Structures are given as C-alpha cells and as structure tokens.
Amino acid sequence: MSKAFPTQAQIVIIGGGVIGTSIAYHLCRAGVRDVLLLEKSQLTEGATWHAAGLVGQFRSQQNLMQLMSDSVALFDELEADTGQNPSWCKVGSMRIASSKDRWDELLKSHSAAQAVGFEMQMLTPSEALALYPLMAVDDLVGAAFIPADGHIDPNSLTQAYARGIRKYGGRIIEGVKVKALTHNSKKITHVVTDQGAIAVDTVVNAGGLWARQVGWMAGVEIPAGVVEHQYLVTEKTDEIPPNLPALRDPDGGYYAKPEPGALAIGGWEKVTRKVNPVEGFPWQNARHLFDGDMDRLTEFLEPAMARLPILEHLGIRTIVNGPIPISPDGEPIMGPVPGLDNFFAACAFTSGIAASGGAGKAAANWIMHGDAGLDLWTFDIRRFGPLHAGADFLHDRAVESYAKYYDIHWPGEEMESARAVRRSPLYQTLKDQGAVFGSKFGWERANWFAHGDILQHDLFGFDRPGQAETTGLEHKAVREGVALIDMSSFTKCEISGKDACSFLQYLAVANIDKPVGGATYTQLCNAEGGIEADVTIIRRSETCFWLVTGSALGIRDRDWINRNLANFRSTTNLKPMGEQWIGGAPDVQLRDITSGYGVINLTGPLARRVLEKLTATDVSHAGFAFMSAQDIRIGYAPALAFRVTYVGELGWELYIPTEYLAYAFELLQEAGQEFGIANVGYRAIDSLRLEKRYLAWGVDITPDYNPIEAGLGFVIDWNKGDFLGRAALAEAKAQGVRRKLVCLALEEPLPVFGGEAILCNGQAVGQTTSGNFGYTVGKSLVLGYLPVEAIRQGGFEVNAFGTCSRASLVKSSAYDPARRKILC
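Since the structure is predicted, the reported quantities are computational estimates derived from the model, not experimental observations.

Engineer: Can you break down the overall build of the chain residue by residue, with the values?
Structural biologist: Per the secondary structure count, the chain includes 19 helices and 40 strands. Rg of the C-alpha trace for the chain: 28 Å, near the compact-globule value of 28 Å for 824 residues, within the 12% margin. Oriented by its inertia axes, the alpha-carbon framework of the chain measures out at about 85 × 75 × 50 Å. Considering only residue pairs separated by 6 or more positions, the chain has 72% of its internal contacts joining residues 24 or more positions apart. With an accessible surface of roughly 31600 Å², the chain has 49% of that area assigned to carbon and sulfur atoms.

Right, dumping it as structure tokens:
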C-alpha cells in the first residue's frame with residue numbers, strides 16, 4: 001500500500017539528479033527526518049544520466065579543492081554506508097602540458113596543491129608515458145598526476161544517494177511535477193504539485209536544467225542557463241589497458257575517460273549551442289539528447305587522435321550530445337536566494353558528478369546551520385545580480401565560459417562577451433585617454449592606461465608582461481605626485497531610520513556612532529566571528545548612514561544586512577513584557593544609491609594642492625580630518641568628500657551626483673595639470689594596497705577568518721556594548737588565535753598572484769591569499785595565514801612556478817608603517 005501524498009514537510013528538495021539526492025542524503029544522515037525529494041520523472045533524468053562521470057579534485061582555491069576532496073572521501077565510503085555500489089574507480093587522473101605556458105600553469109597549480117597538502121605528482125614525458133602508454137609524448141613538456149582522482153557511474157552514484165536517503169528516514173517521490181511555489185514577500189509557504197500542495201519550511205532548488213524556471217515560480221531570477229555538451233564513445237578493443245587513468249589534454253581541448261575496453265572522448269569546443277535561452281528548457285525533455293554535431297566534435301577529436309594514435313583505427317560506437325546546466329561564469333550556483341528567507345539554490349553544476357559529495361555536504365550544513373562550513377564565495381548565488389540573469393547576458397557569458405574551460409587561465413584575464421554594459425559617465429573620456437578596461441559586476445573599470453607607443457590592449461602572461469611600463473608608472477604617480485581613479489562602481493547603500501544607528505552598532509564590530517560626518521572602517525561578522533563583509537560607513541545625519549562596499553559585493557552584503565535586520569530588535573522601539581519583546585519592527589530602511597553617485601578618488605601627496613584650487617572648503621589636515629566626510633563644492637558641482645585611502649597616500653573619495661561627474665573630472669584634470677596629474681587603474685591599486693597591507697574581502701578576509709586572525713583587532717570596539725560575533729571574538733582574544741595573517745617580502749622578484757605555497761624550514765605551512773609586485777619597495781609581496789608556531793620559527797620561502805625564494809616577515813606594512821603619508 002503506497003503512502004499518502006504528504007501535505008507538509010520541513011525541507012522539500014526539487015530535483016532528483018545527483019546534486020538533489022546528495023543534499024537530501026546529507027540532510028537525512030545529519031538527523032533531519034522530514035526531508036522530501038520531488039522528481040518530476042525518474043531519478044538521474046535531466047543532465048545526470050548522460051554525464052561522463054569524471055572525478056577531478058584539483059581547484060586553484062583551497063576551499064573548492066576541499067569540497068571536491070570531500071566528494072572523493074564520500075565515494076570511498078558510500079557503498080559501506082548505503083549498500084549500493086556507486087561504481088567508483090579510483091584510477092587517478094593525468095593533465096598534460098604540450099607548451100611552456102601550460103607547464104607553468106601546472107607548476108602554479110602544484111604550488112597551490114603543496115600548500116594544502118594535496119598530492120599532485122609532476123611527471124616527465126617518459127614518466128607520463130609509463131602511466132598512460134596510449135600517448136604520443138614527443139612534444140610533451142610534462143604532466144601532473146593526481147592519484148586520488150578517477151571516474152564514477154552517475155546512475156549508480158545517484159541510486160546510492162537515494163538508498164541512503166531512505167535508510168536515514170527521508171522520502172523520495174518520483175513522477176510528481178512542481179507547478180508553483182506559493183510565496184509572500186519573505187518566504188515560500190507551499191510547494192504546489194500536480195498531486196497536491198505541500199506546506200514547507202525550506203525549499204531547495206536543485207532543478208538542474210530547469211532551475212531557472214523553478215526560480216521563476218518563486219518570483220526570483222536564477223542565472224542558470226543550458227548549453228550543449230558532447231562526447232563520443234569508441235568501439236571496444238583489447239588494446240586499451242585496464243585501470244587506465246583519466247586523461248585531460250587542455251591544449252588539445254579534450255578529455256579521455258576509460259570505459260570497459262573503450263574510451264570516451266569529450267571536449268569543450270570554442271563555440272557550443274545555447275539551448276532555449278529565453279523560454280527555458282522544455283519540461284517534457286527529461287531524457288533528451290541532441291543530434292551529434294560532427295563539426296564541433298572534430299574540433300577536439302583531431303587533436304585527440306594526434307595524441308592517442310589508437311583512435312585512428314577505432315570506430316565511433318556512439319555520440320552523446322546532451323544538455324548541461326551552466327552559469328555565466330561556469331561555476332555552480334549555491335546558497336540562500338536573496339529576497340526569500342527559506343529558498344536555497346544548488347544548481348548550474350557543469351561538473352556535478354565530481355562535486356556532488358562535497359556540494360551536498362556543504363549545502364546541508366548551509367541549510368541546517370546557515371553556514372556551509374567553509375567559505376564558498378566562488379559558488380555563492382549572491383555573486384550575481386539581475387544583470388547576469390538576463391537571457392542574453394547569461395547565455396553569452398555561459399558560452400564564453402564553456403569555451404574557456406580548458407584555456408590557460410591567465411592572471412587578470414577578462415571576459416570578452418557582454419561588455420560595455422554598465423558604464424561610468426567617465427567611460428568614453430577614460431577610453432579616449434588610453435584606458436584598458438576590465439569588467440566587474442557588469443561595470444567597465446579602467447585596469448590600466450596605455451601611453452606613448454604602448455598598445456591599448458591587454459598582454460597576458462605569468463610574468464606580468466609590460467606592466468612595469470604601465471602599472472608601475474601609475475603606482476609611482478600615486479606615491480610621488482597625484483592621480484585620479486574612477487571608482488564609480490563602488491556599491492553604495494543608504495541605511496536610514498530612527499533605529500539605523502542602533503542596528504548598525506549591532507551589525508558592525510567597530511563603533512559607528514560618530515558625529516555627523518564621521519566615518520568608520522569596519523567588518524560585519526557572523527556569530528562565530530567570521531568576516532561576512534568589509535565596509536566603510538559614513539554618517540550623513542543622525543538617522544542616515546551610507547555604507548560603501550565593493551563593486552561585486554552589493555547583492556551579498558545587502559542580503560546579509562537584510563537577513564540580520566529580520567533578527568534585530570532595537571531597544572528604542574520595543575519594550576519588554578515578561579520575557580518577550582513587544583512592539584513594531586525596527587525603523588530601518590535600506591536603499592541602493594549606487595547609480596546615483598559616481599566616485600572619483602583623488603590621491604597622492606599632491607592631492608590637497610589640487611583640491612584646494614577647486615573648493616572653498618578648508619581641506620587642510622586640521623580642517624579636514626582623516627576618516628571624515630564633508631559636503632563641498634568642486635566648482636559648481638556638489639560632492640561628498642570623504643578623506644580615506646586604500647593606497648596609503650593622502651586622498652579623498654569624491655562622491656558626486658552622476659550628472660555632475662564628467663564636469664568635476666574635467667575640473668580636477670585641469671587643476672592637476674601643473675602637478676602632472678595621472679590616470680590610474682585597478683591593477684596599480686592592487687600593488688599599492690599590498691605595500692600597505694590593506695586587505696581585500698573574498699581573498700584575504702572571508703567568513704573563514706576573524707578580525708583578530710587578520711590583524712584587524714584594532715577595529716573592534718569592546719566598549720560599545722553587544723554586537724554580532726562579540727562573544728566568539730572575545731573568546732578568540734582571550735584564548736589567542738592559532739593562525740595569523742602575515743605579509744612576506746620575497747628576496748627574489750618572482751611573479752606571485754595568490755595561491756602559492758608558503759614553506760617554513762622546507763615544510764608547507766600555508767598558502768598565499770594575495771600576491772603582487774610592490775614597485776615602491778622593489779619586492780614581490782604576499783599575504784597569507786600561517787600557524788602562530790611557524791611565525792615564531794621563521795625561515796620562510798614562497799614557491800612560485802616551481803621556484804622557491806626566501807621571504808622575510810614584514811611587520812606592520814612594507815610601506816610607510818608609521819602612516820605619516822596618510823596623516824599629513
């Protein structure tokens with residue numbers, strides 16, 4: 001007798017692919033009993049059933065590698081837990097390099113692997129041939145081998161998750177279609193299906209190919225598109241040895257997965273096809289394949305035949321050309337969906353089989369505890385905004401991300417599609433003056449400026465080609481003269497209301513209750529003390545504040561603020577009654593004012609001499625203190641001048657209404673001519689800020705680290721009363737931390753970008769978070785977290801591209817540690 005269709009559930013997961021079943025399995029195994037998984041057809045249908053099943057763990061970022069390694073650890077034990085064999089073949093994987101640039105990329109990866117204790121073996125061509133005897137290696141430079149990689153059967157894996165769900169008390173219902181998600185302004189209340197409505201506490205969108213449409217049911221945009229991906233399977237032969245590793249040849253654009261007596265050859269072509277970009281993937285196409293495209297197939301089959309001569313006399317048994325989900329940047333989409341309190345996304349996995357175990361674990365933690373257990377900003381849905389979800393932007397970027405999957409990932413390389421979308425009023429002026437732009441959250445931002453005979457386009461390489469003549473000169477202009485930087489892409493949020501001050505005091509670790517015109521640099525921490533945001537807050541009036549954050553962080557930071565506002569109870573408008581608070585909601589309003597104001601950063605030792613020519617306001621050190629803001633006039637234009645720096649020099653950020661921005665910029669350039677005023681881009685900013693040990697959220701500071709570990713303990717105001725994270729930070733302060741962020745200066749000018757291994761007396765003890773060349777101090781500089789014991793020992797080296805350089809500990813900052821250049 002079948003069970004009755006449920007009318008309520010604590011957690012409903014929509015989608016029975018490998019991701020949805022993994023999340024449900026992890027939730028049930030963790031003790032959540034009321035978990036319901038809905039699948040509109042049968043488990044695995046959509047994209048899971050036709051996946052190749054490769055499992056590769058290496059990623060450039062430590063947390064992403066940990067997520068993939070969590071998958072492998074689960075695959076190792078899954079049969080013992082569930083009784084279902086997932087057909088896991090741990091045969092290793094090999095990535096080969098047939099060019100010096102590709103070999104350098106592998107060496108960079110090897111340093112990152114060394115930093116976290118991940119086994120990656122660097123092989124000579126002859127060593128690679130011994131492990132993979134089917135290869136021609138005459139032109140090979142080398143290879144990287146990861147013994148713990150392999151391949152797995154997607155159907156068997158999904159069925160193992162399903163058996164685990166049932167073992168631990170969860171329920172799976174196949175053949176039920178979700179028709180609607182009933183929701184109010186804050187949450188989803190019911191999942192409406194073709195068999196009835198289900199009252200729900202939490203909804204997980206693991207809809208795979210249909211995730212975007214599931215989002216539409218809840219009134220939100222999920223930037224998950226669909227493209228074609230194809231591979232072929234050869235005829236069988238006895239010439240293919242058993243236990244052959246998986247092979248990736250990124251220079252050839254293909255992979256080779258061993259099958260029983262055959263090979264599956266797939267690739268990432270330069271142009272794939274978008275699938276139903278406007279209306280979404282058809283609901284009825286649960287087990288759909290497209291016709292094979294021989295033109296696209298030939299693009300990677302020919303280099304595969306050159307590398308693997310056995311393919312020349314093996315026929316093609318079948319071609320699989322199926323739909324796969326993909327996001328605008330090619331990375332998965334996970335996390336709480338902004339705008340709804342109980343909607344969680346887990347979709348757009350192009351490598352969902354390999355990621356499923358770790359992603360399911362992280363998603364379950366996120367759903368249960370509000371924390372994935374490790375920072376997953378690279379996967380976080382809040383890295384995207386409404387722009388990314390537009391059909392054209394989404395799919396144009398998705399096709400480009402797909403095409404670049406096996407490309408060499410050059411430091412600083414920019415996407416080429418969907419460009420010049422969001423423009424500062426200064427865009428054309430800066431372009432005419434030599435700007436070479438990058439893209440950040442759709443904004444065009446000047447990365448650097450061409451001059452003289454230097455061509456106005458990027459050069460890419462692991463040795464920062466040409467940057468000494470561009471970025472280096474811009475760096476020098478800031479240190480020795482005066483410069484203008486267009487920072488209009490800053491996210492600016494107005495927070496107002498009679499409870500705004502008390503709310504921000506609760507949210508921030510620093511004291512923001514300053515006089516009007518006062519400003520505060522602060523972190524917003526979670527209950528465990530992890531850094532959720534790194535912001536500046538300016539007090540505009542008694543009841544109004546401006547919060548300024550990074551160009552790409554607006555969605556995430558506003559979501560963090562909104563979710564905490566729901567939990568906040570201000571003593572100013574609520575009164576105790578017994579043990580409960582009564583009264584209305586806090587009087588706090590948030591408003592995005594990003595588009596209303598452009599920002600010009602006027603910076604450098606001569607900045608004051610430029611500004612005083614254009615305003616009647618006293619801009620002396622006595623008249624205009626550091627970390628203060630005043631409303632001024634620049635010529636006729638109104639501006640909020642905020643004295644602050646992210647480059648370590650005297651300077652002001654000038655917040656100017658958009659319609660006045662071009663006029664003000666012209667005045668500033670004209671006034672600065674006698675001082676040799678220069679345009680400066682974001683590449684120089686990175687070099688300048690590292691010399692000052694200024695940190696960047698998302699790399700140097702994340703929810704994985706607290707302010708005390710990061711050397712930001714001076715920001716915390718212990719005297720202002722309670723704030724979010726106070727108890728955890730007080731405990732960290734009292735007990736001491738086990739790791740600290742340090743700055744190291746290399747003896748050799750090796751190119752460093754972040755991700756390099758830090759060695760202490762020959763042993764890897766950490767990984768750099770940022771790296772660049774400091775043009776003023778004349779040294780390569782890195783930041784990274786090290787165990788306190790290692791810091792005491794000393795004897796540091798940094799491994800960059802296979803070469804180690806001794807490195808010395810920099811106390812405070814490499815440039816102007818006394819801050820004399822700022823406080824003048």
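Engineer: Provide a residue-level description of the sheet that holds strand β4 (residues 88-89), including the pertinent values.
Structural biologist: Taken together, the three strands give an open sheet; going across it, the order is β3-β8-β4, and neighbouring strands pair in antiparallel fashion. Where the open sheet ends on each side, the last strands, each with one partner, are β3 (54-55) and β4. Pairing between β3 and strand β8 (residues 150-152): two bridges, direction antiparallel. Across the sheet, the residue bridging to V55 is G150, located in β8.

Engineer: How would you summarise the nonpolar core if you had to cite specific residues and measurements?
Structural biologist: Soluble globular proteins tend to bury their nonpolar side chains together. One finds I13, I23, L27, M334 and L376 to be the most contacted residues of the largest nonpolar core, which totals 49 residues. Secondary-structure elements contributing two or more residues to this core are β1 (8-14), α1 (18-29), β2 (35-39), α2 (62-82), α5 (154-167), β19 (343-347) and α8 (352-369). Counting residues per element, this core draws most heavily on α8, at nine residues. Apart from the residues within four sequence positions on either side, L376 is in contact with L64, L67, M334, A362 and W366.

Engineer: Can you explain α8? Please cite residues and give values.
Structural biologist: Most pronounced at G358, the bend in α8 amounts to some 40°. Taking burial as the measure, the 18 residues of α8 include 14 buried ones, the bulk of the element. At the C-terminal side of α8, G370 shows a positive phi close to 75°.

Engineer: Any chance you could break down the packing of α1 against α5 for me, citing the residues and the numbers?
Structural biologist: Running from N to C, α1 and α5 point in directions that differ by 30°, and their axes come no closer than 8 Å. Between α1 and α5, the angle is such that the two are roughly parallel. In this structure, the crossing between α1 and α5 has a hand that is left-handed. Facing V18, T21, S22, A24, Y25 and C28 of α1, the residues of α5 in contact are L157, T158, Y161, G164 and I165. Here the contact of α1 with α5 is composed, by residue class, of seven nonpolar, four polar and no charged.

Engineer: Just give me the short version of the packing of aromatic side chains, but keep the residues and values in it.
Structural biologist: Tallied over the entire structure, the rule returns 25 aromatic pairs. Joined through ring pairs, the aromatic side chains of W268, Y402, Y405 and Y406 make up one cluster. The ring of W49 has R287 sitting right over it, with the charged end atom 4.1 Å from the ring centre. One cation-aromatic arrangement involves R479 over Y815; the distance from NZ or CZ to the ring centre is 3.8 Å.

Engineer: Could you give an account of the pairing of strand β37 (residues 763-774), with specific residues and numbers?
Structural biologist: Taken together, the four bridges between strand β36 (residues 757-760) and β37 define a ladder with antiparallel strand orientation. From the neighbouring strand, A757 faces β37, where its bridge partner is Q767. Counting the residues that bridge the hairpin from β36 to β37 gives two residues, and of these N761 lies at a positive phi of roughly 55°. Taken together, the six bridges between β37 and strand β38 (residues 779-787) define a ladder with antiparallel strand orientation.

Engineer: Give me the sheet that holds strand β23 (residues 491-496): which residues, what numbers.
Structural biologist: Spatially, β24-β25-β26-β23-β29 is the arrangement adopted by the five strands of the open sheet, whose pairing is antiparallel. Here the strands that pair on one side only, and so sit at the sheet edges, are β24 (519-525) and β29 (589-592). Ignoring strand direction, the axes of neighbouring strands in this sheet form an average angle of 30°.

Engineer: Provide a residue-level description of the environment of Q523, including the pertinent values.
Structural biologist: Structurally, the position occupied by Q523 is in strand β24. Along the primary structure Q523 and D592 are separated by 69 residues, whereas in three dimensions their C-alpha atoms are 20 Å apart. Once you skip the residues sitting within four places of it in the chain, Q523 turns out to touch L507, A508, V509, I531, A533, D534, P707, L712 and V715. At a separation of 3.2 Å, a polar atom in the side chain of Q523 contacts the side chain of Y521. Of the polar contacts made by the side chain of Q523, one reaches the side chain of D534; its length is 2.9 Å.

Engineer: How would you sum up the layout of surface pockets? Please name residues and give values.
Structural biologist: Approximately 760 Å³ is the volume found for the second largest pocket. Along the walls of the second largest pocket sit 33 residues, with W366, G370, D371, W560 and R563 positioned nearest its centre. Those elements giving two or more residues to the lining of the second largest pocket turn out to be β19, α8 and α14 (554-567). A total of seven residues in the lining of the second largest pocket trace back to one element, the largest contributor, which is α14.

Engineer: Outline the side chain of K404, listing residues and values.
Structural biologist: Structurally, the position occupied by K404 is in the loop between α10 (391-403) and α11 (427-432). Overall, K404 belongs to the buried group, its relative accessible area being 14%. At a separation of 2.8 Å, a polar atom in the side chain of K404 contacts the side chain of E400. Residues in contact with K404, not counting those within four places in the same chain, are H409, E413, E414, M415 and E416.

Engineer: Any details on the pairing of strand β33 (residues 651-657)? Residues and values, ideally.
Structural biologist: Most of β33 is tucked away, with seven of its seven residues classed as buried. Here β33 shows a buried face lined by G651, E653, Y655 and P657 and a second buried face lined by W652, L654 and I656. For strand β30 (residues 597-603) and β33, the ladder comprises seven bridges, and the chain directions are antiparallel. For Y597, the partnering residue across the bridge sits in β33 and is P657. Pairing between strand β32 (residues 637-643) and β33: four bridges, direction antiparallel. Bridged to A641 within β33 is L654.

Engineer: Tell me about unusual backbone geometry, residues and numbers included.
Structural biologist: Positive phi is not limited to glycine here, since A420 has a value of about 55°. Note that A420 resides in the loop between α10 and α11. The class for A420 is partly exposed, based on a relative accessible area of 22%. Positive phi, close to 60°, is recorded for R693, a residue that is not glycine. Counting through the fold element by element, R693 comes out in the loop between α17 (682-691) and α18 (726-735). Residue classification places R693 among the buried residues on the basis of a relative accessible area of 16%.

Engineer: Account for the side chain of T522, naming residues and giving values.
Structural biologist: Mapped onto the elements of the fold, T522 is located in strand β24. Of the polar contacts made by the side chain of T522, one reaches the backbone nitrogen of V509; its length is 3.3 Å. When sequence neighbours within four positions are dropped, the list of residues in contact with T522 reads A508, V509, A510, A533, D534, V535, I537 and V715.

Engineer: Describe helix α13 (residues 500-507), and please don't skip the residues or the numbers.
Structural biologist: Burial within α13 is extensive, with six of its eight residues counted as buried. Taken together, the buried positions of α13 are A500, C501, F503, L504, Q505 and L507. In this fold, the buried residues of α13 make contact with β23, β24, β25 (531-541), β26 (544-549) and α14.

Engineer: How would you summarise the pattern of salt bridges if you had to cite specific residues and measurements?
Structural biologist: Working definition: two side chains of opposite charge can pair if their charged atoms are close together. Scanning the model with the defined rule gives 41 salt bridges in all. D139 serves as the salt-bridge partner of R307, at 2.8 Å between the closest nitrogen and oxygen. Taken together, the residues R307 in helix α7 (residues 294-307) and D139 in the loop between α4 (125-131) and β7 (142-146) connect sequence positions 168 residues apart. A salt bridge links K404 to E413; the shortest N-O distance between them is 4.0 Å. Taking the relative accessible area as the measure of exposure, E413 reaches 28% and is therefore partly exposed. A single network of salt bridges, built from pairs that share partners, joins E228, E269, R273, D293 and R296.

Conventions adopted
- Residues numbered from 1 in each chain as written.
- Predicted model: local features only at pLDDT ≥ 70, side-chain atom pairs only at ≥ 80, totals over all residues.
- Heavy atoms only, no water.
- Helix = DSSP H or I, 4+ residues; strand = E, 2+ residues; numbered from the N terminus.
- Rg over C-alpha atoms; globule rule 2.2 N^0.38 Å.
- Contact = heavy atoms within 4.5 Å.
- Areas by Shrake-Rupley, 256 points an atom, 1.4 Å probe, with all protein chains shown as cover.
- Pairing = 2+ DSSP bridges.
- Core = buried A, V, L, I, M, F, W, Y, C linked by side-chain atoms within 4.5 Å.
- Buried < 20%, exposed > 50% of the residue type's maximum accessible area, 1.4 Å probe, protein only.
- Bend = angle between axes of the 7 residues up to and from the residue.
- Axes fitted to C-alpha atoms, helices over the stretch in contact; angles between N-to-C directions.
- Parallel < 35°, antiparallel > 145°, perpendicular 65-115°, else oblique.
- Left-handed = near helix turned anticlockwise from the far one by under 90°.
- Nonpolar A, V, L, I, M, F, W, Y, C, P; charged D, E, K, R; others polar.
- Phe/Tyr/Trp six-rings, centres within 6.5 Å; stacked < 30°, edge-to-face > 60°.
- Lys NZ or Arg CZ within 6 Å of the ring centre and 35° of its normal.
- Polar contact = N/O pair within 3.5 Å; in protein donor to acceptor, adjacent residues only side chain to side chain.
- 1 Å grid on protein atoms, 1.4 Å probe; cavity = no way out; pocket = protein on both sides within 12 Å on 5 of 7 lines; lining within 4 Å.
- Points joined across faces, edges and corners; volume = space filled by probe spheres on them.
- Salt bridge = Lys/Arg side-chain N within 4 Å of Asp/Glu carboxyl O.

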